[in-house]
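Chain by chain, the residues run as shown.
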Amino acid sequence: MPPPRSPLSRLFTVLLAGVLAGLVLAVAALPGNLLLGFAAKSAIGSYAVLPEALRTPITPQRSYLYANDGKTLITTFYDVNRTDVPLAEIAPVLRQAIVAAEDQRFYSHGGADLRGLARALVANVRGGGTEQGGSTLTMQYVRNVLKTDPDRTAEERQAATEQTVGRKLQEIRYATALEQRLSKDEILNGYLNIAYFGSGAYGIAAASQRYFAKSPADLTLPEAALLAGLVQSPDAYSPIDGDADAALSRRGYVLDAMAGTGAISAEQAAAAKVEKLGLSPTRQPNGCTAVAQGHDDWGFFCDYLRQWWLTQPAFGETVEEREQALRRGGYTVVTSLDPKIQATAQQQATAVYGYDNKRALPIAAVQPGTGRVLAMAVNRHYSLEDNPDGQANHPNTVNPLISGGGGVDGYQAGSTFKLFTMLAALENGKQLATGFDAPSRLPTRYAAEGAGSCDGKWCPANANPQWMDGYRTMWDGFGRSVNTYFVWLAEQVGPAKVVEMAQRLGITFRADSDAAFAEDNAANWGSFTLGVAATTPLDLANAYATVAAEGTYCAPLPVVSVTAADGDRVPVGDPSCRQVLDADVARAATDAARCPVGQQTTFGQCDGGTATSVDRIVGRQVAGKTGSSEENATETFVGFTPQVAVAGIAANPDDPGDSVGSAVQAKVIDAVARTIRTAVDGQPVRDFTPPSRALAGEVHRPAPEPSRPVPRRQQQDDPPNPLRWSNRRG
């Protein structure tokens, strides 16, 4: 039953009756065409003073996020669950039902039905029954637009529903003016897209999905009658959140009204009345914690996209405006997330560490040449659910473990940073054939204290002297991950240039101590080449993607396209790229990066690698690098082809002191390699472009035999206990 009328409502009705009594009595007996003429004449010239919202309605609509196929729904964002649809996509039986239930003279009045208003006034003053509104569909549309207009203040929106004579008269004036410019079908379409149907559903598209899990074009007669009956009192009649019996009773009223207007026969009405409700309730997902069922791993990508969105000026001048645009703007966002690559990365991450493991393997995949983020996986549920006592971040978390930010600085990636030293050296005149007789331990010019120092100087060591020491070039120095070679090389070009190279390729220093050292003392950061700064899988994958794209850096991009509610594309989906490296320098580094993964370079100079299984797994030209931090606290592998770059870092996000151990390195390599294989599956085979002879330099020894797998004990990048330069942070 509808709620009892309040004294204020009765008072309003009496006052309005008094004001309109003369008008009603004067026109109630007029023929319909004269009444229409009267209404039209009263509205002459008033369209120009209509609120902008009525001339160009802005209705809040939900935004949709899809995977890169444009079909797989990730989630939606909304403050108001609404999506506009054209009248042609709404079942005719629903249109007939709403007219029969709310405004049977809709197609004959001029916006304000004075006869209907008079009947409602008389009935309401007398009382004793259901309160009647007397508002036409056009008047209801006016009221709904004004009370939801995002450009009006909260006070102005509230005033649109106040029970005052002035507001009602203004509503009549606006309605009659609106009908001079819009067709009846346009008004009906606008009404059906803005009306509230209860249970959080605004507009007929949302209501059809909420109650029956179907589009409005597919509604049956009983379904249409039920929905049409809801708009008078959505909370009272909703069969989900209100009273199912009341909903059935109201549906019966609508069916009788439809029979009365001739829209259906009495027999059709009777048959529809005995139909069950037939509900199939669905709740539209809202936000990143409500991604598609069974895919809560997509939440990490979703969250990254949201953070990216909040930085885009195209969606507003402030963060608040951009957030509102996402939740109210009705955007269709085709993201860069590739479900197939994501599924493999997630399966591989959880195969290494289960969801309940305190250690994690975050994995990121990036497309070279565009920066589009293809996958973001980690063995965690993206969820706000509570965790067991003592488990801060597992199995549930919403922290950005893959992309960093929000308090997540990242993880040390060990020898993967040797790439930046090699690039800086090549850019500054060194050649791939640059040789150095790498010792087991290398005294440097950098001051250091502690047991690992040599006469007060930092002196890093090789992890496996027997396999690493001796005359090395960039090729086999990178392949065997020789620490003393690359520390020496960094000294030749200057550590500041190595740090700058990493930043140029997108490495972000999120830890305050790292950022301060890079800013104030980069020239003395000799240990930087060994990967002592924190980074993330996403930054690392994108840096290596820059090399894969022959020196073209592209800012990480989580979208393919963004389309506004009006169908216009927003210019934010195009890659933002620039050339940051000479192409030949990038090609030379790629040539050397084929050594670690068990392949051979253009000049046949590879002689052993730390991740030789990758060649067999990927099955096409591939490059990459392993990395182990001090005491094997983390284990990293990043690999790339011309079409994809993938990075994974095994670490304990909650406890950097918890060493993952060297045994997991092979699993990390396998996980990344298999993700690469999925990413290139079905794509044309593309080979790397060889570097010039000028950058290669003179080859001082004959090409070796094809590289052999390295004994497991030799695959560790860094020494069991290399001196972690204690004063590296200033």
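Bear in mind the structure is a predicted one, so any value in this text is a computation, not a measurement.

A.B. asks: Would you mind going over helix α9 (residues 184-194) in detail, with residue names and values included?
C.D. replies: Counting buried residues in α9 gives nine out of eleven residues, a clear majority hidden from the surface. Taken residue by residue, α9 has Lys184, Ile187, Leu188, Asn189, Gly190, Tyr191, Leu192, Asn193 and Ile194 as its buried positions. In this structure, the buried residues of α9 make contact with α4 (92-102), α6 (137-148) and α10 (204-212).

A.B. asks: Go over the sheet that holds strand β19 (residues 635-640) with me, naming the residues and quoting the values.
C.D. replies: Pairing is antiparallel in the open sheet, where five strands are placed in the order β5-β4-β20-β19-β18. The strands lining the two open edges of the sheet, one partner per strand, are β5 (373-377) and β18 (623-628). Shown here is a sheet whose adjacent strand axes are inclined to one another by a mean of 5°, direction ignored. Across four bridges, strand β4 (residues 363-366) lies against strand β20 (residues 645-650) in antiparallel orientation. If you follow Val366 over to β20, its bridge partner there is Ala645.

A.B. asks: Before we move on, can you summarise the nonpolar core with the specific residues and values?
C.D. replies: Ranked by size, the top nonpolar core spans 113 residues in total, and within it Phe420 and Met422 carry the most contacts. Residues within four places of Phe420 in sequence aside, it is in contact with Val498, Met501, Ala502, Leu505, Ile507 and Ala543. Ranked by size, the runner-up nonpolar core spans 62 residues in total, among them Ile98, Val99, Val142 and Leu146.

A.B. asks: Before we move on, could you go through the side chain of Ser208 and cite the residues and values that matter?
C.D. replies: Relative to the helices and strands, Ser208 is located in helix α10. Leave out the neighbours within four places in its chain, and Ser208 touches Ala213, Lys214, Ser215, Pro216, Leu219 and Leu227.

A.B. asks: Describe in detail unusual backbone geometry, supporting the description with residues and values.
C.D. replies: The omega angle of the peptide bond from His394 to Pro395 is 5°, so this bond is cis rather than trans. Within the secondary structure layout, Pro395 lies in the loop between β6 (381-382) and β7 (396-397). Even without glycine at this site, Ala213 takes up a positive phi of about 55°. Following the sequence through the fold, Ala213 ends up in the loop between α10 and α11 (221-230). Backbone geometry places Asp455, a non-glycine residue, at a positive phi of 55°.

A.B. asks: So what's going on with the pairing of β4? Residues and values would help.
C.D. replies: Burial of β4 is two-sided: the residues Ile363 and Ala365 facing one way and the residues Ala364 and Val366 facing the other way are all buried. As paired elements, β4 and β5 share four bridges and run antiparallel to each other. From the neighbouring strand, Ala364 faces β5, where its bridge partner is Met376. Here β4 hands over to β5 after six residues, with Gly369 in that stretch at a positive phi of 90°.

A.B. asks: Describe the sheet that holds strand β1 (residues 63-66), and please don't skip the residues or the numbers.
C.D. replies: What the five strands build is an open sheet, ordered β2-β1-β3-β15-β16; its pairing is mixed. Two strands close off the open sheet at either side, each with one partner strand: β2 (73-77) and β16 (569-570). Looking at chain direction, β1 and β2 are connected through four bridges and run antiparallel. Bridged to Leu65 within β2 is Thr75. Against the sheet, helix α15 (residues 298-309) contacts β1, β2, β3 (332-335) and β15 (559-563), and its axis sits at roughly 45° relative to β2.

A.B. asks: So what's going on with the packing of aromatic side chains? Residues and values would help.
C.D. replies: When we look at a pair of aromatic rings, we describe it by the centre distance and by the angle of the planes. Using the criterion set out here, one finds 21 aromatic pairs in the structure. One aromatic cluster is present, built from ring pairs that chain together Phe417, Phe420, Phe509, Phe517, Trp525 and Phe528. A cation over an aromatic ring shows up here: Lys184 above the ring of Phe106, its NZ or CZ 4.7 Å from the ring centre. We note Lys625 situated over the ring of Phe478; from NZ or CZ to the ring centre the distance is 5.6 Å.

A.B. asks: Lay out the confidence of the model for the protein chain in plain terms, naming residues and giving numbers.
C.D. replies: Parts of the prediction with low pLDDT should not have their coordinates interpreted in detail. Summing up the model confidence of the protein chain, the mean pLDDT is 87 and the portion of residues at 70 or higher is 86%. Within the model, pLDDT remains below 50 along residues 128-132, and this stretch shows nine contacts once partners closer than five positions in the same chain are excluded. Note on residues 718-730: pLDDT is under 50 here. Beyond four places in sequence and across chains, it has 46 contacts.

A.B. asks: Give a description of the pattern of salt bridges that names residues and reports values.
C.D. replies: It is possible for side chains of opposite charge to pair when their charged atoms get near one another. A complete count under the given rule lists 19 salt bridges for this structure. Residue Glu179 is joined to Lys184 by a salt bridge in which the shortest nitrogen-to-oxygen separation is 2.7 Å. With respect to class, Glu179 is no different from Lys184; both count as buried. A single network of salt bridges, built from pairs that share partners, joins Arg143, Arg167, Lys168 and Glu171.

A.B. asks: An account of the state of the cysteines is needed here, citing residue identities and associated values.
C.D. replies: Taken as a whole and judged by the stated rule, the model has four disulfides. Here Cys595 connects covalently by a disulfide to Cys606, the sulfurs 2.1 Å from one another. Between Cys595 and Cys606, the disulfide has an S-S torsion of -85° and is therefore left-handed. Linking Cys595 in the loop between α25 (583-593) and α26 (613-618) with Cys606 in the loop between α25 and α26, this pair joins segments that are eleven residues apart in sequence. With its disulfide-bonded cysteines labelled consecutively along the sequence, the protein chain is connected as 1-2, 3-4, 5-6, 7-8.

A.B. asks: Just give me the short version of the pairing of β18, but keep the residues and values in it.
C.D. replies: Of all the six residues making up β18, six are buried; the element is thus mostly covered by neighbouring parts of the structure. Burial along β18 is two-sided: Ala623, Lys625 and Gly627 facing one way and Gly624, Thr626 and Ser628 facing the other are all buried. Relative to β19, β18 is paired through six bridges, and the arrangement is antiparallel. Pairing of Ser628 across the sheet is with Glu635, part of β19. Between β18 and β19, which pair antiparallel one after the other, the connecting turn spans six residues, and Glu631 there sits at a positive phi close to 55°.

Cut-offs applied
Residues numbered from 1 in each chain as written. Predicted model: local features only at pLDDT ≥ 70, side-chain atom pairs only at ≥ 80, totals over all residues. Heavy atoms only, no water. Buried < 20%, exposed > 50% of the residue type's maximum accessible area, 1.4 Å probe, protein only. Helix = DSSP H or I, 4+ residues; strand = E, 2+ residues; numbered from the N terminus. Contact = heavy atoms within 4.5 Å. Pairing = 2+ DSSP bridges. Axes fitted to C-alpha atoms, helices over the stretch in contact; angles between N-to-C directions. Core = buried A, V, L, I, M, F, W, Y, C linked by side-chain atoms within 4.5 Å. Phe/Tyr/Trp six-rings, centres within 6.5 Å; stacked < 30°, edge-to-face > 60°. Lys NZ or Arg CZ within 6 Å of the ring centre and 35° of its normal. pLDDT = per-residue confidence, 0-100. Salt bridge = Lys/Arg side-chain N within 4 Å of Asp/Glu carboxyl O. Disulfide = S-S within 2.5 Å.

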